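Per-entry structural report
The chain contents come next:
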Amino acid sequence: MSLARLKPVVGEDIQTDAEPEASHEEMVNAIRMLSVDAIEKAKSGHPGLPMGMANVATVLWTQFLKYDPSQPRWEDRDRFILSAGHGSMLLYSLFYLTGFEDVTIDEIRNFRQLHSKTPGHPEYGVTAGVETTTGPLAQGLGNAVGMALAERLRNSRWGSDIVDHYTYCIVGDGCLMEGLSQEAISLAGYLRLHKLIVLWDDNRISIDGPTCMTTGDNQIARFEASGWHAEMVNGDDPEAVAQVIAKARLTDRPSFIACRTTIGKGAPTKQGTAATHGAPLGEKEVDGVRETLDWPYPPFVVPPHILAAWRRAGQRSIEERKAWGKRFDALCDEKKEEFKRTSRGELAPGWQKPLNEFKKRLADEKPKWATRKASGQALEILTAEFPEMIGGSADLSESCCAKAPDMNELKPGDYSGRYIHYGVREHAMASIMNGMALHGGFIPYGSTFFVFVDYMRASIRMSALMKQRVIYVCTHDSIGVGEDGPTHHPSETIAGLRVMPNLLVFRPADAVETFECWVIALTEFDMPSTLVLTRQAVPPVRTDHVSVNLCARGAYVLHEATGGEREVTIFATGSEVHLAVQARERLQAEGIPTAVVSMPCWKLFDVQPDKYRQEVLGPKWPNGVRVAVEAAIAPGWDKYIGENGVFIGLKDFSLSGPGPDLFEYFGITTDNIFAKAKDAVAKRRVAARRPGAGLGIDVVG
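Since we're looking at a predicted model, the values are computed, not measured.

1. Description of the pattern of salt bridges
Going through the model one piece at a time under the given rule, you end up with 41 salt bridges. In this structure, the salt-bridge partner of arginine 344 is glutamate 337, at a minimum N-O distance of 3.1 Å. Overall, arginine 344 belongs to the partly exposed group, its relative accessible area being 45%. Accessibility expressed as a relative area gives 40% for glutamate 337, which makes it partly exposed. With its nearest N and O atoms 2.8 Å apart, the salt bridge here joins glutamate 630 to arginine 498. Residue glutamate 630 is found in strand β17 (residues 625-633), and its partner arginine 498 is found in helix α20 (residues 493-498); the two are separated by 132 residues along the sequence. For the pair glutamate 630 and arginine 498, one class covers both residues: buried. Because the salt bridges share partners, they merge into one network encompassing Asp477, Arg498, Arg507, Glu576 and Glu630.

2. Quick word on the nonpolar core
Membership of the largest hydrophobic core comes to 129 residues, with the highest contact counts inside it found for Trp61, Ile108, Leu149, Ile245, Phe256 and Trp310. Here the element with the most residues in this core is helix α1 (residues 24-42); it accounts for ten residues. Once residues lying within four places of it in the same chain are set aside, the contact partners of isoleucine 108 are Leu34, Ala38, Met89, Tyr92, Ser93, Tyr96, Val103, Thr118 and Phe300. The next biggest cluster of nonpolar side chains, apart from the first, holds 94 residues, and it includes Ala374, Ala634, Ile668 and Ala687.

3. Remarks on the packing of helix α13 (residues 318-329) against helix α14 (residues 333-344)
Where α13 meets α14, the closest approach of the two axes is 9 Å, and the angle between their N-to-C directions is 120 degrees. As far as their axial angle goes, α14 and α13 are oblique. Residue-level contacts link Trp324, Phe328 and Asp329 of α13 to Lys336, Phe339 and Lys340 of α14. Across the contact of α13 with α14, the residue classes break down as three nonpolar, no polar and three charged.

4. Regarding the sheet that holds strand β2 (residues 167-171)
Taken in spatial order, the five strands line up as β1-β2-β3-β7-β6 in an open sheet, and their pairing is parallel. On the outer flanks of this sheet lie β1 (79-82) and β6 (229-234), each paired with one strand and no other. Taking the axes of each pair of neighbouring strands and ignoring which way they run, one obtains an average angle of 20 degrees across the sheet. When β2 meets strand β3 (residues 196-202), the two strands line up parallel, connected through five bridges. Directly across from valine 171, in β3, lies its bridge partner tryptophan 200.

Definitions and cut-offs
- Residues numbered from 1 in each chain as written.
- Predicted model: local features only at pLDDT ≥ 70, side-chain atom pairs only at ≥ 80, totals over all residues.
- Heavy atoms only, no water.
- Salt bridge = Lys/Arg side-chain N within 4 Å of Asp/Glu carboxyl O.
- Buried < 20%, exposed > 50% of the residue type's maximum accessible area, 1.4 Å probe, protein only.
- Helix = DSSP H or I, 4+ residues; strand = E, 2+ residues; numbered from the N terminus.
- Core = buried A, V, L, I, M, F, W, Y, C linked by side-chain atoms within 4.5 Å.
- Contact = heavy atoms within 4.5 Å.
- Axes fitted to C-alpha atoms, helices over the stretch in contact; angles between N-to-C directions.
- Parallel < 35°, antiparallel > 145°, perpendicular 65-115°, else oblique.
- Nonpolar A, V, L, I, M, F, W, Y, C, P; charged D, E, K, R; others polar.
- Pairing = 2+ DSSP bridges.

Quick look at the structure:
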């Protein structure tokens, strides 16, 4: 379409004496054209979904969704999640049209540009109104289940006057193909999360072409088999869409609505094809869209009467929000403060004293526990102190010591409990916990064996990316698992997690360190934590009580060298710390001043002041010897021990056999630590007499 034929509408504030009433179709087309124009300007994006689902979204946002653009964090708003995050311009168009402050028309123009409020995929914390970061398919669906679960949990505690909202989620074909989706919908159906409504963009197109190339699933039957209410609807029929959503809101089960749509609706030659999925339409095709939709306006211009209709829709829930505010204000001050505190994610005042008393008891009693048992004992104290903690396990509650005795279990329709049996659904567990954390009001933790972290790594990454306090309790941390063999020995797992930004990975050495790491995980409000815990019992190494949390610095000198300047530093984590302590005693007895450094959390140590780090690390080659001991592979340790350091651990996957035999076979023993350190000292002393000589990193195992 020639620009000369476009109507000269300029800006969004133009008023006319006789402003026409916008039709539903005009409101729908405003979404389509904003999306098309933004993607075309960016020369990047996915126009197909916003064009195809524009009608469904318009019905939802103008008739059903409870929200107030002026108060995007209103606690009792409905949650809207675009799991198919590649269609982000659908969401940004809705934000602009309904009046969210963050998304102006300039931000629409800046789609996918550096530091814009309209990034390529919705990002939590970047744009007000975005409930979760989506893009990795099905993550949003898992998060939506978590939000719907959190709504029911909070409703059971505060009542429907304070918490009573729906969670809506748009999914695409890819979301439903991902395995995470089955785990999530299965649990949601079992728990009867009836305030959850999922809308499927059933356009039957994927990036490679028609979905019939890869799947023939009957999604209606699939969801019904998982305990959902499920229906089909013509996604282009606004009355039918409204009827099916209204019906879904009345069921006692979660609802799945298959919206039959046309991808790229309105593109004259590309609609209904993969060509509209993940690339701009092109200038000629965009002109054709304007002709097809009868949209004779310049790019990024929404006529005043259409914008006014959308802004009125955005104000639908203001009175409802005000009424909620009055009900909330009627609560007693104590309840109001408790609700606000848990919404902010803050811990109740005075929590330190009972926790410090428990830590002192651990130091005094010196229990020889597996750190998984120490975690279970810690949870008895922590869950009593923090009722907002919601626990769970992927079918390993007893093995992981994850359930405190006084934690009641969630049951279908009864959400008064605090413990969730996730079943063998690790990936969904992690994604659901993200949704619970994002919803607010709770601190979720979930447990499984450490080797199964790989099943939920994508969700852990999203926890870190979104800066959510989600706690992963991962037991059976090494070859100490024993006879189950290398399939269950996470030789490489900890190295893989340590490199993930904004994720705290703890491997505590005994009961005291385990408790300290739990406290850190609870007090770090803007990052997730993984507690890596032993199956086997370990001797106590922290036997003198100090009120300060030593693990909070990531690493600390457990035993300093005596009898001279430090010559050897032995670094260790977890079950290997007590071996390092024993080796130190023997080295000291032979006149070799040796220190032991416990390193429960590398990431916390790395952000300490340089002076502290150097004091802990001690002298390096050629002035000293550094030895690291860990029942895992070596990557990452060279940062601390240097190229001439000695690493004692694994070089490969492990073997099947009893745990003690495996530690002996791989040389992760007091005898071997002592021998390797002593040998390195001898080489260092020779090298000191021959400047330029080096040892070269020695990996033993």
